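Fold and contact review
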Amino acid sequence: MFTLSALAMSTFWGASFLSAGAVSAEEPETYAFQLEVGNGRCSVDYPRSDGTTLTLLYLKNGRVNISVHRPRWEMVDDKNTEDQDNPMTIEVQGVGKSKAKWGGYRNGFVQGVWSAWDENPSGAGSSGDLIKLMEKGTIYTVWFEGQKLGSFNTKMKGFAINSIRNCVNNPA
């Protein structure tokens with residue numbers, strides 16, 4: 001026998017799946033974040049429904065690294081993972097763009113691309129300039145070798161950078 005609460009739950013789950021599909025028509029939906037704490041570093045991951053994850057890493061010295069990866073990504077096959085001359089560009093919607101100082105392909109447990117901004121407070125490829133953009137926006141679009149790899153909605157303005165910066169500066 002089907003109870004009223006079971007009917008309500010099945011209706012809720014069905015509506016959730018329908019609305020998730022409608023939202024992801026343009027870009028796959030970005031799920032909740034995961035914060036990871038390490039020795040002098042913190043990172044936050046923003047996985048999307050298509051299996052692609054944006055990882056933002058903040059080091060105690062002020063450097064920001066960003067990677068975009070999947071369990072399997074054909075664009076990485078046969079690429080030189082030692083080459084560091086392929087920096088990505090992060091575009092923060094409605095705020096501006098920042099091009100990293102270094103970057104390249106990664107191929108191992110996951111496949112994808114990475115980039116690093118230097119620890120300087122300003123200038124080309126500086127973490128300081130990237131952080132200023134990240135404090136003002138929520139949607140990050142990743143460009144690599146002239147190709148748009150996708151957009152990630154962090155949902156709250158400045159949350160991504162503030163959470164990892166506070167994590168590094170105030171370890172538990």
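My aim in this report is to walk through the structure given alongside it, one point at a time. Because the structure is predicted, anything quoted here is derived from the model rather than measured.

1. As for the side chain of Q111
Note that Q111 resides in strand β8 (residues 111-117). Side chain to side chain, Q111 and N107 meet in a polar contact 3.0 Å long. Residue contacts for Q111: discarding those within four places in its chain leaves V68, H69, R70, P71, R72, W73, V76, D77 and R106.

2. Observations concerning the layout of surface pockets
Here the largest pocket defines a volume of roughly 230 Å³. If you go around the largest pocket, you meet 13 residues; those closest to its centre are E27, P28, I139, S151 and N153. In the lining of the largest pocket, the residues fall into four nonpolar, four polar and five charged. As a volume, the second largest pocket reaches approximately 190 Å³. Considering the residues around the second largest pocket, the lining is formed by 13 residues, among which R41, T55, L57, S67 and R106 are closest to the centre. Taken together, the elements giving at least two residues each to the lining of the second largest pocket come down to β2 (41-47), β3 (53-59), β4 (64-70) and β8. Broken down by element, the residue count for the lining of the second largest pocket peaks at four residues, all from β4. Of the residues contributing to the lining of the second largest pocket, the split by class is three nonpolar, six polar and four charged.

Reading the values: the criteria
Residues numbered from 1 in each chain as written. Predicted model: local features only at pLDDT ≥ 70, side-chain atom pairs only at ≥ 80, totals over all residues. Heavy atoms only, no water. Helix = DSSP H or I, 4+ residues; strand = E, 2+ residues; numbered from the N terminus. Polar contact = N/O pair within 3.5 Å; in protein donor to acceptor, adjacent residues only side chain to side chain. Contact = heavy atoms within 4.5 Å. 1 Å grid on protein atoms, 1.4 Å probe; cavity = no way out; pocket = protein on both sides within 12 Å on 5 of 7 lines; lining within 4 Å. Points joined across faces, edges and corners; volume = space filled by probe spheres on them. Nonpolar A, V, L, I, M, F, W, Y, C, P; charged D, E, K, R; others polar.

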